[in-house]
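As a plain string of letters, each chain reads:
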Amino acid sequence: MGKAPEQKEKAGTTDFNLFRAVEVFMAVAEMQQVTTAASALGMTQSAASQHLKNLETAFGVTFIDRSQRPIALTHAGGILQRHGFRILNEIADLRANIRRLNATTLPVLRMGLLASVATTLTPGLFDFVVAELGVPELILSAGLATDHQTALNARQIDIAVTSELIRNEAGYRAIPVLDEPFYLVLPEDYDGDAGDIAEISSRLSLVRFGVATPVGRRTDQHLQRCRLFFPRAMEADRSSMVVAGVATGKCFAILSPSLLIDAVAEGMRLKIVPLPFPGFRRRIQVVARSGEFDRIADALATECAGILRHHFARRFPGIAGEVTYHDAAPG
């Protein structure tokens, strides 16, 4: 008698493969035919129909309106379809991550790069990852430090070459690449005293990064600490656009070498001088989730330092020595 409730509960429970049932449902929802969906999944029509029946029994609702031809989704079916895309994508990501852990060679490496140095780093990193690390495929995405933090949290990337927004906390490991100072960037033909910020700001407007960007916030905070308030003509979220404002001859900017490298490589004519007020710096670093890709992250940090050292020395011979690198190579 004591086992009756347990037997009753078991009798009312549908034992089935939820993931497979959702997979069948999503195929049927897309193809609008059970037979076609079953064939695409390599199963019989009766097996596919049983999966759908089990799914509806488990949730206590009807997901498919079988009275219509081609079949249509009910309101509940539409909700399940929206969730189904996320479920199948998460399972696919899980399988890919498990395959990477089990593989003797990592099949693919997904990296986020600061947009300002992405063009400079990409050729060297591709060669290094394939030839030295033995990873056959590299997937790169450029963006801001905030983009990298979001992508790392969502496991959309494995490693980021980013700024100091992400630190050694909350499950992340940060390996420093370099620390770089900021400079005053003027039009090449500016004929005033480059050490007189009052004169400069009376003749030119500040073109700046927007406050939504990490470097924009850092710059604004530093200027406020220095009690400096400049007229502003333009703001942007990419260094190329900020430098283009300087190139008009009407603006000045406050930028670091990594934020200038693309513009200088493209031949923009600029005057780069020390800040005529207390300076500040930013750090570029390689970030990965703690305990994941440790060896690769360390190797990439050293390689990135070497690549940027070479390009800075070539593009900024007068100021390259003021950048502090964290690799072991000589300056």
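These figures come from a predicted structure and were not determined experimentally.

Notes on the overall build of the protein chain
Right, on to step 1. Within the protein chain one finds 12 helices and 13 strands.
Right, on to step 2. With 331 residues in all, the protein chain has 44% of them scored as buried.
Right, on to step 3. A sequence separation of at least 24 residues applies to 73% of the contacts in the protein chain between residues at least 6 apart.

Looking at empty space enclosed by the protein
Right, on to step 1. All chains considered together, the criterion is met by one cavity of 30 Å³ or more.
Right, on to step 2. In this structure, the largest cavity occupies an estimated 50 Å³ of space.
Right, on to step 3. Leu 206, Val 207, Arg 208, Phe 209, Val 215, Thr 219, Ala 253 and Ile 254 are the residues that line the largest cavity.
Right, on to step 4. Mapped by element, the contributors of at least two residues to the lining of the largest cavity are strand E8 (205-209), helix H9 (214-225) and strand E10 (251-255).
Right, on to step 5. Ranked by the residues each element gives to the lining of the largest cavity, the list is headed by E8, at four residues.
Right, on to step 6. Along the lines of polarity and charge, the residues of the lining of the largest cavity split into six nonpolar, one polar and one charged.

Brief notes about the pairing of strand E3 (residues 108-114)
Right, on to step 1. Burial analysis of E3 places seven of its seven residues in the buried class, the great majority of the element.
Right, on to step 2. The two faces of E3 match: Val 108, Arg 110, Gly 112 and Leu 114 on one face and Leu 109, Met 111 and Leu 113 on the other face are all buried.
Right, on to step 3. Bridge analysis of E3 against strand E4 (residues 137-143) gives seven bridges, and the strand direction is parallel. Paired with Leu 109 across the strands is Leu 138, a residue of E4.
Right, on to step 4. The parallel pair E3 and E4, bridged by helix H6 (residues 115-131), forms a crossover whose chirality is right-handed.
Right, on to step 5. In the sheet, E3 pairs with strand E5 (residues 159-163) via three bridges, with the strands oriented parallel. Of the residues in E5, the one forming a bridge with Leu 113 is Val 161.

Re helix H11 (residues 257-265)
Right, on to step 1. The element H11 is extensively covered by neighbouring structure, given that seven of its nine residues are classed as buried.
Right, on to step 2. Turning to H11, its buried residues are Pro 257, Ser 258, Leu 259, Leu 260, Ile 261, Asp 262 and Ala 263.

Describing the confidence of the model for the protein chain
Right, on to step 1. Of the residues in the protein chain, 90% reach a pLDDT of 70 or more, and the chain-wide mean stands at 87.
Right, on to step 2. Strand E7 (residues 183-187) holds the highest mean pLDDT among the elements of the protein chain, 96, whereas helix H1 (residues 4-11) holds the lowest, 40.
Right, on to step 3. For the stretch residues 1-13, pLDDT sits under 50, and the model shows zero contacts to residues farther than four places along the chain or on other chains.

Let's talk about the nonpolar core
Right, on to step 1. Membership of the largest hydrophobic core comes to 71 residues, with the highest contact counts inside it found for Leu 109, Ile 159 and Leu 300.
Right, on to step 2. Looking at which element gives the most residues to this core, the answer is helix H12 (residues 294-315), with nine residues.
Right, on to step 3. When residues no more than four places from it in sequence are discounted, the contact partners of Leu 109 are Val 129, Val 135, Glu 137, Leu 138, Ile 139, Asp 158, Ile 159, Phe 293, Ile 296 and Leu 300.
Right, on to step 4. Among the nonpolar cores identified, the runner-up in size contains 19 residues, and Val 28, Ala 38, Leu 52 and Leu 55 belong to it.

Details of the packing of aromatic side chains
Right, on to step 1. One pass over the structure, following the stated rule, counts five aromatic pairs.
Right, on to step 2. Both rings, one in Phe 59 and one in Phe 63, keep their centres 5.8 Å apart while their planes meet at 70°; by these two values the pair is edge-to-face.
Right, on to step 3. Given a relative accessible area of 49%, Phe 59 falls into the partly exposed group.
Right, on to step 4. These aromatic residues form a ring-pair network of at least three members: Phe 25, Phe 59 and Phe 63.

Remarks on the sheet that holds E3
Right, on to step 1. With mixed pairing, the six strands of this open sheet are ordered in space as E4-E3-E5-E12-E6-E13. At either margin of the open sheet sits one strand with a lone partner, and together these are E4 and strand E13 (324-325).
Right, on to step 2. Sheet topology places strand E6 (residues 172-181) next to strand E12 (residues 281-289); nine bridges connect them, and they run antiparallel. Looking at E12, one finds that Leu 178 is bridged to Ile 284.

Points about the packing of H6 against H11
Right, on to step 1. At their nearest, the axes of H6 and H11 sit 8 Å apart, and the two run at 60° to each other. As judged from the angle between their axes, H6 and H11 are oblique. For the crossing formed where H6 meets H11, the hand is left-handed. Across the interface between the two elements, Ala 115, Ser 116, Val 117, Thr 119 and Thr 120 of H6 pack against Ser 258, Leu 259, Ile 261 and Asp 262 of H11.
Right, on to step 2. Split into classes, the residues belonging to the contact of H6 with H11 amount to four nonpolar, four polar and one charged.

Looking at the pattern of salt bridges
Right, on to step 1. Taken as a whole and assessed by the stated rule, the structure comprises 15 salt bridges.
Right, on to step 2. Between Asp 298 and Arg 173 there is a salt bridge; the shortest N-O distance is 2.7 Å. Of the two residues, Asp 298 sits in helix H12 while Arg 173 sits in strand E6, which places them 125 residues apart along the sequence.
Right, on to step 3. Overall, Arg 173 belongs to the partly exposed group, its relative accessible area being 27%.
Right, on to step 4. Measuring nitrogen to oxygen at the nearest pair gives 2.6 Å for the salt bridge that ties Asp 220 to Arg 208. Remark: Arg 208 occurs in strand E8 and Asp 220 occurs in helix H9; sequence separation between them is 12 residues.
Right, on to step 5. Residues joined by salt bridges that share partners form a network here, namely Arg 110, Arg 155, Asp 158, Arg 289 and Glu 292.

What counts and how
Residues numbered from 1 in each chain as written. Predicted model: local features only at pLDDT ≥ 70, side-chain atom pairs only at ≥ 80, totals over all residues. Heavy atoms only, no water. Helix = DSSP H or I, 4+ residues; strand = E, 2+ residues; numbered from the N terminus. Buried < 20%, exposed > 50% of the residue type's maximum accessible area, 1.4 Å probe, protein only. Contact = heavy atoms within 4.5 Å. 1 Å grid on protein atoms, 1.4 Å probe; cavity = no way out; pocket = protein on both sides within 12 Å on 5 of 7 lines; lining within 4 Å. Points joined across faces, edges and corners; volume = space filled by probe spheres on them. Nonpolar A, V, L, I, M, F, W, Y, C, P; charged D, E, K, R; others polar. Pairing = 2+ DSSP bridges. Right-handed = clockwise from strand over helix to strand, strands pointing away. pLDDT = per-residue confidence, 0-100. Core = buried A, V, L, I, M, F, W, Y, C linked by side-chain atoms within 4.5 Å. Phe/Tyr/Trp six-rings, centres within 6.5 Å; stacked < 30°, edge-to-face > 60°. Axes fitted to C-alpha atoms, helices over the stretch in contact; angles between N-to-C directions. Parallel < 35°, antiparallel > 145°, perpendicular 65-115°, else oblique. Left-handed = near helix turned anticlockwise from the far one by under 90°. Salt bridge = Lys/Arg side-chain N within 4 Å of Asp/Glu carboxyl O.

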